[in-house]
Amino acid sequence: MNVSSRTVGQRTAPTRKIPESLLYEVIDGVPYYYRGYKAVLSRQKTKEEIMGASALQSAIVSLLVHTLYRFLPFDDYLIATNEPGLHIAPGNNLSNDIAVFDQASLPVPLDEKYFSVPPRLVVEVDVKIELPTNVSETEYVYDKTQKMLDFGVQHVVWILTKTRRILQAQPDKPWTLVSWTDTVELMPGCSVQLATLLQAKGVIL
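Residue numbering note: each chain is counted from 1, following its sequence as written. The predicted nature of this model means local features are confined to residues of pLDDT at least 70 and side-chain atom pairs, given and counted, to a pLDDT of 80 or more, with totals for whole chains, interfaces and linings taken over all residues. Side-chain numbers come from the whole structure's heavy atoms, not from hydrogens or water.

### So, the nonpolar core
Inclusion rule: Residues enter a nonpolar core if they are buried and are Ala, Val, Leu, Ile, Met, Phe, Trp, Tyr or Cys, with the set joined through side-chain atoms within 4.5 Å. Burial classification: accessible surface area is computed with a 1.4 Å probe over protein chains only, and a residue below 20% of its type maximum counts as buried, one above 50% as exposed, and the rest as partly exposed. Strands are runs of DSSP state E lasting at least two residues, helices are runs of H or I lasting at least four, and both sets are numbered from the N terminus onward. Here, residues are in contact when the closest pair of their heavy atoms is within 4.5 Å.
Residues Leu22, Phe101, Tyr140, Val156 and Trp158 are the most contacted members of the largest nonpolar core, which totals 31 residues. Counting residues per element, the ones that place at least two in this core are strand 3 (23–27), strand 4 (30–33), helix 1 (37–41), strand 6 (85–89), strand 8 (98–102), helix 4 (137–151), strand 10 (155–160) and strand 11 (165–169). Looking at this core element by element, the count peaks at four residues for helix 4. Apart from the residues within four sequence positions on either side, phenylalanine 101 is in contact with Asp76, Tyr77, Leu78, Ala80, Leu86, Leu106, Phe115, Val117, Pro118, Pro119 and Arg120. Membership of the second largest hydrophobic core comes to 29 residues, among which are Val61, Leu64, Val100 and Cys190.

### Focus: the sheet that holds strand 10
Definition in use: Here, strands pair whenever DSSP counts at least two bridges between them. Whenever a helix is involved, its axis is fitted only over the stretch in contact; in every case the axis is a line through C-alpha atoms, and angles between N-to-C directions fall within 0 to 180 degrees.
Taken together, the six strands give an open sheet; going across it, the order is 5-8-9-10-11-12, and neighbouring strands pair in mixed fashion. Where the open sheet ends on each side, the last strands, each with one partner, are strand 5 (77–80) and strand 12 (176–179). Across the sheet, the axes of successive neighbouring strands diverge by a mean angle of 15°, strand direction being ignored. Across four bridges, the pairing between strand 5 and strand 8 is antiparallel. Residue pairing in the sheet places alanine 80 in a bridge with alanine 99 of strand 8. Contacting strand 9 (121–125), strand 10 and strand 11, helix 4 crosses the sheet at an angle of about 155° to strand 10.

Take a look at the structure:
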């Protein structure tokens, strides 16, 4: 067990160090951990229990990747999944669910570091971090989205499973919030109606 200590008055109280494996991303130097990480520290859950995506989240990512590869030229784009890391600035390392890169923008060969060039498209499925008490989910989504747009991402899409809504953000355009039944253009020439796509696989009614 990794334990550090801090002094409280005359006492020294132990505090448990948070393992780096529970870190999801860093924004403005502030670490954000996987939702449920406190249950791991208290040994109520395992790391694998909180880090895995739900069946619905996994199905959405899988079907969107399949759709993107159907419409986008394979030689022109790399579609990265499995929480690809995105380094946008010192103290800002983000994690995405889907990131679509122009193949020509990527270094050759790829190394073991985070991506450091802006994707054309980022898709996020739900908020997966434990939010501080002074930060709302909306604030986190908006802040992370704006940082990606400032970095050069051309389209950020948030898919929210609880409300079945899709938030879209593009540079110099009004952000929009639509339903899963609406048609969303992910990339030029590649549109999707999420509800229909999921229903075709029997994922939702």
